[in-house]
Amino acid sequence: MTTRLVDVIQPEIFTPYTIRKTMELSELVQSGIIDNNKEFDELASGPNKLVNMPFWNDLANDESQVMKDEGDMSVGKITTSDDIARKHARVNAWGANGLSALLSGDDPMDAIAQLVSAYWARDMQRTLLATLSGVFKSNSMAEKVYDITDRDGEAGTINMNTFLDATQLMGDAKESLTGVMMHSAVETELRKQNLIEYIPQSEQGNPIPYFNQKRVIVDDSMPYDTSSEEAEVYIFGNGAIALGNGSHPRIIPTEVSRNALAFSGEEALVNRKIFLLHPRGVKWNEGGVANEFPTNAEINVGTRWTRVYEPKAVRIVKFRFNLVEKTPTQVED
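Predicted model only: the values in this text are computed from it and were never measured.

Right, let's get into helix H7 (residues 184–192). Every buried residue of H7 is listed here: Ala185, Val186, Glu187 and Leu190. Phi turns positive, to about 60°, at Asn194, one or two residues after H7.

Structural data, given as structure tokens:
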């Protein structure tokens, strides 16, 4: 008898198993940048394409009143605002031929899950970068960008001093920053400066890189202009991004499809995902989406986003810099 995908894939087991593996493989989750919990999962599973997340605004920073022996004090109020997240729905499928070599392993389901989960971890990172690119195009996020590309010499490059200046945009919340995402060329430059520290993992695996006590996530999708030698990094605080893994009984997350009319028979593993991946404190403005759910290009638009938290409560900073020192003439050009 021939072992087929349908023999090793049990959807009710495979779906949560793949989600768990994806979370384990995501450096963004492991660094604390992405926060997933039951509440976000429930929101992602609820009705509608938009998720409203109302919150209490902070109390006004007025000076306290002096106590007097007569009269009444003035009474302030507390107000609310609304953060809005956009649901995502993504699908993909893989043919059995691409997986057949793995089916002779000791645990074929685990082998398949590792490949599918690694794919979704990478895809989630692509969606996040498109989201952040759009978020920081918004005028409301100008206070969260530290740009030194117009400076010459060392003052315009990434180093410990300029990085600390960038984190200062978080004010007294800067110690909550836990991770930094960068292009591999930026990571190489920091290694040349002996600023990358490697921390051994408790389990077998490669050491984890840290810069200024913040976990480094390297992704060559990060902006880096090789002609101008300008680059940027994102510096994140704990739980800066909300992740919700949604579900719906009428949307089957895992299926195995078989085409019996194909000469040798064809099988495909189908995956469907409903999720939230939302920068907390920056609401989504609906509009400009051609179909039911947005593409990465459609979320990479500044007018789609508006900051609703106070600046330092949004736990993301964008830092733009020159990768090499520039002369005054180069800066002017």
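Quick look at a negative patch on the surface now. There is a patch of like negative charges on the surface, built from Asp152, Glu154, Glu325 and Glu332. By the secondary structure assignment, Asp152 is in the loop between strand S5 (145–147) and helix H6 (160–167). According to the relative accessible area criterion, Asp152 is partly exposed, its value standing at 37%.

This brings us to the nonpolar core. Within the largest apolar cluster, 31 residues are counted, with the highest numbers of intra-cluster contacts made by Ile34, Phe236, Ile241 and Leu277. It is helix H5 (residues 108–135) that provides the largest number of residues to this core, a total of six residues. In this structure, Leu277 is in contact with Ile34, His88, Met124, Thr127, Leu128, Thr131, Ile241, Ala242 and Leu243, ignoring residues within four places of it in sequence. Counting 22 residues, the second-largest nonpolar core is a separate cluster that includes Ile148, Ile158, Phe211 and Phe319.

Here we take up the pattern of salt bridges. If the charged atoms of two oppositely charged side chains come close together, the side chains can form a pair. For the structure shown, the criterion picks out twelve salt bridges. The shortest N-O distance in the salt bridge between Arg86 and Glu286 comes to 3.0 Å. Here Glu286 lies in the loop between strand S15 (282–284) and helix H8 (296–299) and Arg86 lies in strand S3 (residues 80–86), a separation of 200 residues in the sequence. Between Glu230 and Lys326 there is a salt bridge, with its nearest N and O atoms 3.3 Å apart. You can see Glu230 sitting in strand S11 (residues 230–237) and its partner Lys326 sitting in the loop between strand S17 (316–322) and helix H9 (328–332), a full 96 residues away along the chain. By relative accessible area, which is 12% here, Lys326 ends up buried.

Following the criterion strictly, the structure yields nine aromatic pairs and no others. Each ring, one from Trp94 and one from Trp120, has its centre 6.4 Å from the other, and the planes form 90°; the classification is edge-to-face. With a gap of 26 residues between them, Trp94 in strand S4 (residues 88–95) and Trp120 in helix H5 connect regions that are remote in the sequence. The class of Trp120 is buried, set by a relative accessible area of 4%. What links up through ring pairs into an aromatic cluster is the set Trp94, Tyr119 and Trp120.

Quick look at H6 now. Regarding H6, the residues found buried are Thr162, Phe163, Ala166 and Thr167. Across the axial projection of H6, the buried residues extend over an arc of 145°, all falling on one side. Elements that come into contact with the buried residues of H6 comprise S5, strand S6 (177–182), strand S8 (208–211), strand S9 (214–218), S11 and S17. Capping the start of H6 is the job of one residue whose side-chain oxygen sits 3.0 Å from the backbone nitrogen of Asn161: Asn159.

The rules behind the values
Each residue is numbered by its place in its chain's sequence as written, counting from 1. In keeping with the model being predicted, local features are shown solely for residues with a pLDDT of at least 70 and side-chain atom pairs are shown and tallied solely at 80 or more, while totals for entire chains, interfaces and linings include all residues. Side-chain metrics rest on all non-hydrogen atoms present in the structure, leaving aside hydrogens and water. Whether a residue is buried, partly exposed or exposed follows from its accessible area with a 1.4 Å probe, protein chains only, as a fraction of its type maximum: under 20%, in between, or over 50%, in that order. Per the convention used, a helix needs a DSSP run of H or I reaching at least four residues, while a strand needs a run of E reaching at least two, with both numbered from the N terminus. Note that patches include only residues with greater than 30% relative accessible area and no salt bridge, and the join distances are 9 Å for like charges and 5 Å for nonpolar side chains (Val, Leu, Ile, Met, Phe, Trp, Tyr). Here the open area of atoms and residues is found with the Shrake-Rupley method and a 1.4 Å probe, where only the protein chains shown may cover a residue. The salt bridge criterion pairs a side-chain nitrogen of Lys or Arg with a carboxyl oxygen of Asp or Glu, the two atoms within 4 Å. A positive count includes Lys and Arg, and a negative count includes Asp and Glu. His and the chain ends are not counted in either. Every charge is mapped to an atom, namely NZ of Lys, CZ of Arg, CG of Asp or CD of Glu. Only buried residues count toward a nonpolar core. Its members are Ala, Val, Leu, Ile, Met, Phe, Trp, Tyr and Cys residues joined through side-chain atoms within 4.5 Å. Contact definition: two residues touch when any of their heavy atoms are within 4.5 Å. Aromatic rings from Phe, Tyr and Trp, with only the six-membered ring used for Trp, were paired whenever their centres fell within 6.5 Å, and each pair was classed as stacked if the ring planes differed by under 30 degrees, edge-to-face if by over 60, and tilted otherwise. Directions from the helix axis toward the C-beta atoms define the arc. Pairs of N or O atoms within 3.5 Å make up the polar contacts considered here, provided that, within protein, one atom can donate a hydrogen while the other can accept it, and that residues adjacent in sequence are counted only when both atoms are side-chain atoms.

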